[in-house]
Amino acid sequence: MEPIFFVQLSDIHVNAPEKNNPMFGVDMSAKLRAAFAEIRSMRTKPAFVLISGDLTQDGDADDYRHLRRLIDEEAERTGVPVHVGLGNHDSRPAFREGYLGEEPSEESYYYSFLEKSLRVVMLNSQIEGSHDGEIDAKQLAWLRDTLSEPAPEGTIVVLHHPVTATPNAMMDGHLLRNPADLKDAVHGQGVIGMLSGHIHFHNIGSLVGIPCAAATGVAFGLDSTSPNTMRFLDNSGYNLVTVSGGHMAVQPRMLPGEQRLLYEWDPAKQPAHA
Ligand SMILES: [Fe+2]
Ligand SMILES: [Fe+2]
């Protein structure tokens, strides 16, 4: 089978420009557009782009309306479909209203799609009002049911919160609350990889032998060498993902750009940044 190539973006933290309150004074919409511009310059066109949560910073319906316009425009220019999932900065009712054009509701947003013989599962690990993540019982049951029918090239599971440990003690306190439940659901079910975001630096691990890759953010990065403070950096990156012969390979990439320190949060000295 031909290799399947796609791009994972994460943590784009976009807000509607009319709010005029850019995080750290940085235009996150421009950063997202720069990522799409780089995708368009690639020698191989990806089959699709996925975005693994923290779609917006504030999670208002206006933010999602702006984001939907932006993504529709970039998807058309790039000629690829864009699949999105939710993160802890998102809000289900506002997303349903502003992005999907539906009635606002707290209903979880998870689904799967096929790219040729590869299945991609987009989970909703966000807990409204919390930095932590969880896959609830209803979603776990749906996941088990979905995976019970194998896909020829295997399945990639995408969720905002990583399931494996990181070098940042502060971040490790805000990962997935129930990795054991997810481990049980995916073990031996043809899952060839798991992709996450949330931590804003590239991180590779494994879960019951399944490779797990967290992508850095498009909006900003966090300094992975600073274990007890959060050093927000003005950089952007993403993952290139190739699936071939039932195996997933991930190439973490950084966009050219500044590495300047935007903000340093030391919980021993300062209150949390908004
Ligand atoms: Fe984020
Ligand atoms: Fe997050």
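Residues numbered from 1 in each chain as written. Chains lettered and ligands numbered in written order. Predicted model: local features only at pLDDT ≥ 70, side-chain atom pairs only at ≥ 80, totals over all residues. Heavy atoms only, no water.

**Quick word on helix α1 (residues 28-40)**
The test is simple: Numbering of helices and strands starts at the N terminus; helices are DSSP runs of H or I of at least 4 residues and strands are runs of E of at least 2. Multiply 1.5 Å by the residue count of a helix minus one, and that product is the helix's expected span. Residue exposure (1.4 Å probe, protein chains only): buried if accessible area is under 20% of the type maximum, exposed if over 50%, otherwise partly exposed. Contact between two residues is taken to exist if any of their heavy atoms lie within 4.5 Å; hydrogens are not considered. In protein, a polar contact means a hydrogen-donor-capable atom and an acceptor-capable atom, both N or O and within 3.5 Å, with residues adjacent in sequence counting only if both atoms are side-chain atoms; elsewhere, any N or O pair within 3.5 Å suffices.
Helix length check: α1 (13 residues) gives 19 Å between terminal C-alpha atoms against 18 Å at 1.5 Å per residue, within 8%. Taken as a whole, α1 has its buried residues at M28, S29, K31, L32, A35, F36, E38 and I39. Of the surrounding elements, those touching the buried residues of α1 are β1 (4-9), β2 (49-52), α2 (61-78), β3 (82-85), β12 (237-244) and β13 (247-254). For α1, the side-chain oxygen to backbone nitrogen distance between the N-cap and S29 is 3.1 Å, and the N-cap itself is D27.

**Considerations on the UniProt feature "domain: Calcineurin-like phosphoesterase" (unreviewed entry) in the protein chain**
Short version of the rule: UniProt positions are given in the numbering used here, feature names are shortened, and annotations may be inferred rather than shown by experiment.
Within this numbering scheme, the UniProt entry marks residues 6-200 as carrying the feature "domain: Calcineurin-like phosphoesterase" (unreviewed entry). The straight-line gap between the two end C-alpha atoms of residues 6-200 is 20 Å; of that span, 31% is helix and 16% is strand.

**Concerning unusual backbone geometry**
With a phi close to 55°, D54 is a non-glycine residue in the positive phi region. Position of D54 relative to the elements: it lies in the loop between β2 and α2. A relative accessible area of 2% means that D54 is categorised as buried. With a phi close to 55°, K116 is a non-glycine residue in the positive phi region. Its location among the elements puts K116 in the loop between β4 (111-115) and β5 (118-122).

**Side note on the sheet that holds strand β14 (residues 261-265)**
Note on sheets: strands pair through backbone hydrogen bonds, and any given pair is parallel or antiparallel. Cut-off, in case you're wondering: In this scheme, strands are said to pair when DSSP sees at least two bridges between them.
Strand order in the open sheet formed by three strands is β10-β11-β14, with antiparallel pairing between adjacent strands. The sheet is open, and its two edges are formed by β10 (221-222) and β14, each paired on a single side.

**As for the pattern of salt bridges**
Note the threshold: Salt bridge, as used here: a side-chain nitrogen of Lys or Arg that lies within 4 Å of a carboxyl oxygen of Asp or Glu.
As enumerated under the stated definition, the model contains 18 salt bridges in all. The salt bridge involving K19 is made with D60; its shortest N-O contact spans 2.8 Å. Of this pair, K19 sits in the loop between β1 and α1 while D60 is found in the loop between β2 and α2, placing the two residues 41 residues apart along the sequence. Residue classification places K19 among the partly exposed positions, given a relative accessible area of 26%. Here K19 makes a salt bridge to D63, at a shortest N to O gap of 3.0 Å.

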